[in-house]
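Residue-level listing of the chains:
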Amino acid sequence: MSSKLGFRLFPTPIGSLGIAWGEAGVVGVFLPEAHEAATRRRIARRCPDAREAEPSEPVARAIGAITALLRGERSDLTHVALDLRAVPELHRRIYEVARTIPPGKTLSYGEIAARLGDKQLARDVGQAMARNPFSIVVPCHRVLGADGKLGGFSARGGTD
């Protein structure tokens, strides 16, 4: 991954999110922590070479689209370029399927596994969702357990 990474915190209705990017696209979206300093520390742990910077035009559009979605507006995030080079190949495939889930719709872990051609991958789908470095852009919140309930959600506050 390029050492020329930038990051920015930006206000949303759920708190200050962070976004980090490089030349190939977004490398991480960081949900709010209790304090901005904690969000900055998490960005520094995951992207130690990132420096606070003005976002490029594509990243600024991504920030606007994420913020609109969190305001409750219909907002398509499929245009957001993701740099998936640091993501395992299976997770890449899982995230690609998850990104096709439209707003207001859901898929189960098993349904994503079936779309990948192997229903036995349901547990792997859950693990990929738990490790999702692109929160909101890869809509892990639209992926449910077989019973239609939210699985374990790894962000601060859990499923709340």
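Look up a bit, the structure's there.
Numbering of residues starts from 1 in each chain and follows the order in which that chain's sequence is written. For a predicted model such as this one, the threshold for reporting local features is a pLDDT of at least 70, and the threshold for listing and counting side-chain atom pairs is 80 or more; totals across whole chains, interfaces and linings nevertheless cover every residue. Values shown for side chains rest on all heavy atoms present in the structure; no hydrogens or waters enter the calculation.

### With respect to the packing of aromatic side chains
Geometrically, a pair of aromatic rings is defined through the distance of the ring centres and the angle of the planes.
No. 1: Only Phe, Tyr and Trp rings are paired, with Trp represented by its six-membered ring, and only when their centres lie within 6.5 Å; those with planes under 30 degrees apart are stacked, over 60 edge-to-face, the remainder tilted. Applying the stated criterion across every chain yields a total of one aromatic pair.
No. 2: Measuring from ring centre to ring centre gives 6.4 Å for Y95 and F134, while their planes differ by 85°; the resulting arrangement is edge-to-face. Placement of the pair is Y95 in helix α3 (residues 89-98) and F134 in the loop between α5 (122-130) and β6 (143-144), with a sequence separation of 39 residues. In this structure, Y95 and F134 share a single accessibility class: buried. A run of H or I in DSSP becomes a helix once it reaches four residues, and a run of E becomes a strand once it reaches two; helices and strands are each numbered from the N terminus. Three exposure classes are used, based on accessible area relative to the maximum for each residue type with a 1.4 Å probe and protein chains only: buried under 20%, partly exposed in between, and exposed over 50%.

### Things to note about the side chain of H91
No. 1: Positionally, H91 belongs in helix α3.
No. 2: The class of H91 is buried, set by a relative accessible area of 13%.
No. 3: Contact between two residues is taken to exist if any of their heavy atoms lie within 4.5 Å; hydrogens are not considered. If we skip the residues at most four places from it in the chain, H91 touches Q127, A128 and R131.

### Examining the packing of α3 against α5
No. 1: Helix axes are fitted to C-alpha atoms over the stretch in contact, other axes to C-alpha atoms as well, and angles between N-to-C directions run from 0 to 180 degrees. Here α3 crosses α5 at 85°, and the two axes come no closer than 10 Å. Our classification of the angle between α3 and α5 gives roughly perpendicular. The residues of α5 that touch α3, namely those facing L90, H91, I94, Y95 and A98, are D124, V125, Q127, A128 and M129.
No. 2: In terms of residue class, the contact of α3 with α5 is made up of seven nonpolar, two polar and one charged. Geometric relationships in this document are graded by angle, where less than 35 degrees denotes roughly parallel, more than 145 denotes roughly antiparallel, 65 to 115 denotes roughly perpendicular, and other angles denote oblique. Ten residue types, Ala, Val, Leu, Ile, Met, Phe, Trp, Tyr, Cys and Pro, are classed as nonpolar, four, Asp, Glu, Lys and Arg, as charged, and the remainder, Gly among them, as polar.

### Brief notes about the sheet that holds strand β4 (residues 51-52)
No. 1: Here, any two strands with at least 2 DSSP bridges between them count as paired. A sheet is described by the order of its strands in space; here four strands give the open sequence β3-β2-β1-β4, paired in mixed fashion. In the strand order of this sheet, the two ends are held by β3 (25-30) and β4, each with one partner.
No. 2: Across seven bridges, the pairing between strand β1 (residues 6-12) and strand β2 (residues 15-22) is antiparallel. The partner of G6 across the bridge, within β2, is W21.

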